[in-house]
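# Remarks on the overall topology
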Amino acid sequence: KNEVEQSPQNLTAQEGEFITINCSYSVGISALHWLQQHPGGGIVSLFMLSSGKKKHGRLIATINIQEKHSSLHITASHPRDSAVYICAVRSQAGTALIFGKGTTLSVSS
Amino acid sequence: DTAVSQTPKYLVTQMGNDKSIKCEQNLGHDTMYWYKQDSKKFLKIMFSYNNKELIINETVPNRFSPKSPDKAHLNLHINSLELGDSAVYFCASSQASSGYNEQFFGPGTRLTVL
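What this report covers is the structure whose coordinates are included nearby. Everything numeric here is computed off the predicted structure, so don't read it as measured data. (Residues numbered from 1 in each chain as written. Chains lettered and ligands numbered in written order. Predicted model: local features only at pLDDT ≥ 70, side-chain atom pairs only at ≥ 80, totals over all residues. Heavy atoms only, no water.)

### What about the state of the cysteines?
All told, the structure shown has two disulfides over all chains when counted by the stated rule. Put simply, Cys23(A) and Cys87(A) are joined by a disulfide, and their sulfur atoms are 2.0 Å apart. As the torsion about the S-S bond is roughly -65 degrees, the Cys23(A)-Cys87(A) disulfide counts as left-handed. One end of the pair, Cys23(A), is in strand S3 (residues 19-25); the other, Cys87(A), is in strand S9 (residues 83-91), with 64 residues separating them in the sequence. Two residues share a disulfide in this structure: Cys23(B) and Cys91(B), whose sulfurs sit 1.8 Å from each other. (Disulfide = S-S within 2.5 Å. Helix = DSSP H or I, 4+ residues; strand = E, 2+ residues; numbered from the N terminus.)

### Comments concerning the packing of aromatic side chains
For the structure on display, the rule yields four aromatic pairs over all chains. Both rings, one in Tyr33(B) and one in Tyr35(B), keep their centres 5.8 Å apart while their planes meet at 20 degrees; by these two values the pair is stacked. A single burial state applies to Tyr33(B) and to Tyr35(B), both of which are buried. The interplanar angle of 35 degrees and the centroid separation of 6.3 Å between the aromatic rings of Phe64(B) and Tyr89(B) together place this pair among those described as tilted. Linking Phe64(B) in strand S7 (residues 64-70) with Tyr89(B) in strand S9 (residues 87-94), this pair joins segments that are 25 residues apart in sequence. In this structure, Phe64(B) and Tyr89(B) share a single accessibility class: buried. Its end group placed over the ring of Phe42(B), Lys101(A) keeps NZ or CZ at 5.9 Å from the ring centre. (Phe/Tyr/Trp six-rings, centres within 6.5 Å; stacked < 30°, edge-to-face > 60°. Buried < 20%, exposed > 50% of the residue type's maximum accessible area, 1.4 Å probe, protein only. Lys NZ or Arg CZ within 6 Å of the ring centre and 35° of its normal.)

### Considering the side chain of Ser77(A)
Residues and elements named next belong to chain A. Tracing the backbone through its elements, the reader meets Ser77 in the loop between strand S8 (69-74) and S9. Here Ser77 falls in the buried class, since its relative accessible area comes to 1%. A distance of 2.9 Å separates a polar side-chain atom of Ser77 from the backbone oxygen of Glu17. For Ser77, the residues in contact, after removing those within four places along its chain, are Ala13, Gln14, Glu15, Gly16, Glu17, Ile19, Arg58 and Val107. (Polar contact = N/O pair within 3.5 Å; in protein donor to acceptor, adjacent residues only side chain to side chain. Contact = heavy atoms within 4.5 Å.)

Have a look at this one:
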């Protein structure tokens, strides 16, 4: 079992829909990251958080440390949001990131 | 200005060859990483260097040898390439090696071994 589990694995949506991607992890962490990888392949960091909630534009990330769970929300989704969203954690003892297997989001107009 | 750059972007080579991938960051960060993304898009750490010193060396064949000439560069040399080495390799950097530090990724190098 992977230390970082994401759901769903694949997600399709119509433009304008509210999207939620979930991430659960099994280790104590110092930080949780949400990353975006577009079809062209580059990886961009969306959020890094250790508690509470962060918002950037239409994207919102929340984390519940006690439940070892995080969610990434996209409001008013758009076709340009189509990408793979990856949850990753840095464990308290570790240095590098441990990744989930990603959620492939496809938004159609 | 590109924060983390990798060369080459694509690398196609024959089995048994030796090849290198270069990575440079201009962010002034102390820590650099190499990650491998397999055909199922799963990312996994290979190596991490902090101020030119190796701090993580995951279970990677010793055909893979990282080299950090200075803290802005972390190159990956691969000997005797095998079919299973085909993957996308990402370099990344962060301000420090511990705790709450954002990582910045390079564009990736797609390695295809024939």
